[in-house]
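# What the coordinates show
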Amino acid sequence: MKCDFPKNENTCRRCRSSGHHCIVEGRKPRNTPNKREYLLAQIRQKDSIIESLLKQLHNPYVATPLSIASYRNATSPSDQNKQSVLTWLDRLQDSVRTAGRSGGLQAFNLDSRAREGTDGEEESESEAEEAGEPTERGSVGTVKVDEEERQQLLPDTAVPLGLIADLSISNTKKTSAKGDDDTDDDNVVSRERFRQHRRHGVANETYFLPGPAYDLDIRANLIEQHSPPDILVHGLVTPEDVDRLFEIFFARLNVHVSVLDPVLHTPSTTFARCPFLFTVVCAVASRYYAEKSEIYPIAMHFAKHAAANALITGWKSVELAQAYIILSIYGVPARRWEEDRGWLYTGLAIRIATDLNLHHVPTTKPTSERHEREIMNRIRVWLNCYNLDKSTATQFGKPSTIKEDFIVRRSEEWYKKSEYNHIYDIGLCAYTSQLRIMASFHEEVYSDSDAPNGLNERLDFREVTARHDEHLTNYYNEWKQRFEGECDQSGK
């Protein structure tokens, strides 16, 4: 409080009225700021921010008290009092602080699992890489990329963006060649490349070039070190559980929708290619895993979170489309129609498959069994997208997205095109043929462009229905003979 001194007095008014001895204290000495402490505080603050960002980057989904509460609500009433479920949820609560750290090696060390009994395969694979041939994983070497295969991933040169991509790649080659020749101008070339690296979109000269994810070896290392599946990081399943869950998936689920190849999509290769697909396979199969069936609701929550994160982070790949296809078919039934996401998952799978040009006929000639399986895997995904699009559009009364293309029209004989076709591909092709008939009927009935709903009331509906019914009868008789004569009824 400030003292008020009367004129020519040494005692302030407040002290005189209270009878106290008035003492005027001097100004307290000010401590000079310590620059070292200040800088250390700034560094600690920056470190905490960097650590937080790295957690979000390396592990897009970090468990929070709110998300753990949602896991608890996801458990069924019969499982809410089971000790195994409660123990796992408590362990998840304890892992909140450390869930974002890199844990691929500790969670699921695939390096040793993938190398067991594959020494000979690695030698042949390395020889194939040196020769520039497709490796065992289907990628063309580790660095070299087949030009024809790369072009299939880009837009067609007949469209504007495809023309820009072709010119950009050609210009990049010229720039690289010039940089190699002009050794005296290394600094100029380096500065130009640095400026190019800072640009975004088509202005970046590497925009249309394949990134690190195109090399499956690099992608596997990135996933294992920085973004392992949360279903493993949090300890919901063990590596032994994963092997059993994949067996269940191929024995009980993939038989109805032939979407994965058991030779290509083993637990180790799926982990290395797409954590989202890995999580989805484990989640949907856990429903039939008798030893740990109580984890199914929580595992499906992990799959939903992975579906959301995969949409905004990571790389576009065939496995991403396959994961959305499986979720659209084997998702948890919603309590209300407004909560159902099956149709949305189907749309995402179709968009990703179209973006990857899976609707284009593969022109690359396979040079090995694995390479041929990779090509067939792309066609299989596109046929599944067509089937889902037509079937859900017919059931829900929605407009379909995919038109009949060359691959769909030639699908009747595709199941016996290669010796590596899956035994259940015949069912996939049969379903495609049936949906083609249904789509033809639907398009003919709704062919009036002047009607608000497209219904053509000028048609003879009886004649149209009878004609397509005859097509269905012929379809049934033809495919019955095919199943009896060409299908292995034992399922082996």
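Residues numbered from 1 in each chain as written. Predicted model: local features only at pLDDT ≥ 70, side-chain atom pairs only at ≥ 80, totals over all residues. Heavy atoms only, no water.

This part takes up the overall build of the chain. Along the chain, the regular secondary structure elements total 22 helices and zero strands. Scored against the burial criterion, the 492 residues of the chain give a buried share of 39%. Sequence separation of 24 or more characterises 69% of the internal contacts of the chain that already satisfy a separation of 6 or more. Counting only carbon and sulfur atoms, one obtains 51% of the accessible surface of the chain, whose full area is about 29,600 Å². (Helix = DSSP H or I, 4+ residues; strand = E, 2+ residues; numbered from the N terminus. Buried < 20%, exposed > 50% of the residue type's maximum accessible area, 1.4 Å probe, protein only. Contact = heavy atoms within 4.5 Å. Areas by Shrake-Rupley, 256 points an atom, 1.4 Å probe, with all protein chains shown as cover.)

Another point: the confidence of the model for the chain. For the chain, the mean per-residue pLDDT works out to 74, and 61% of the residues sit at or above 70. In the predicted structure, residues 57-68 sits below a pLDDT of 50 and forms 28 contacts with residues beyond four places in sequence or in another chain. Every residue in residues 114-145 scores below 50 in pLDDT, and together they form 45 contacts with partners more than four places removed in sequence or on other chains. (pLDDT = per-residue confidence, 0-100.)

Turning to the nonpolar core, a few remarks are in order. Side chains that are nonpolar tend, in soluble globular proteins, to be buried together. Formed by 74 residues in total, the largest nonpolar core has its most connected members in I231, F249, F276, Y324, I326 and C385. Those residues in contact with I231, other than ones at most four positions away along the chain, are L236, V237, F278, T279, C282, A299 and F302. (Core = buried A, V, L, I, M, F, W, Y, C linked by side-chain atoms within 4.5 Å.)

Let us look at the packing of helix α15 (residues 275-285) against helix α16 (residues 296-312). Angle between the axes and distance between the axes: these two values describe a pair of packed helices. Two numbers describe how α15 lies on α16: the axes approach to 8 Å, and their chain directions differ by 155 degrees. As summarised for this structure, α15 and α16 are arranged roughly antiparallel, according to the angle between their axes. In this structure, the crossing between α15 and α16 has a hand that is left-handed. Between α15 and α16, the contacting residues are F276, T279, V280, A283 and V284 on the first element and Y296, A299, M300, F302, A303, A306, A307 and A310 on the second. Here the residues of the contact of α15 with α16 are counted per class, giving 12 nonpolar, one polar and no charged. (Axes fitted to C-alpha atoms, helices over the stretch in contact; angles between N-to-C directions. Parallel < 35°, antiparallel > 145°, perpendicular 65-115°, else oblique. Left-handed = near helix turned anticlockwise from the far one by under 90°. Nonpolar A, V, L, I, M, F, W, Y, C, P; charged D, E, K, R; others polar.)

Moving on: the pattern of salt bridges. Counting across every chain of the model gives 17 salt bridges. Across the salt bridge formed by K416 and E413, the nearest N and O atoms sit 3.0 Å from each other. Given the relative accessible area of 45%, K416 is considered partly exposed. Residue E463 pairs with R467 through a salt bridge whose shortest N-O separation is 2.9 Å. (Salt bridge = Lys/Arg side-chain N within 4 Å of Asp/Glu carboxyl O.)

So, about the packing of aromatic side chains. Going through the model one piece at a time under the given rule, you end up with 10 aromatic pairs. Considering the side-chain rings of F271 and F278, the 5.5 Å spacing of their centres and the 85 degrees angle between planes classify their relative orientation as edge-to-face. Between Y415 and W479 the ring centres are 5.9 Å apart and the planes differ by 50 degrees, which places this aromatic pair in the tilted class. Taken together, the residues Y415 in the loop between α20 (406-409) and α21 (425-445) and W479 in helix α22 (residues 461-486) connect sequence positions 64 residues apart. As far as the burial class goes, Y415 and W479 line up, both buried. In textbook terms, an aromatic cluster arises when at least three aromatic residues are bridged by ring pairs, as seen for Y415, Y475, W479 and F483. Positioned above the aromatic ring of W479 is the side chain of R482, whose terminal nitrogen or guanidinium carbon lies 4.4 Å from the ring centre. (Phe/Tyr/Trp six-rings, centres within 6.5 Å; stacked < 30°, edge-to-face > 60°. Lys NZ or Arg CZ within 6 Å of the ring centre and 35° of its normal.)

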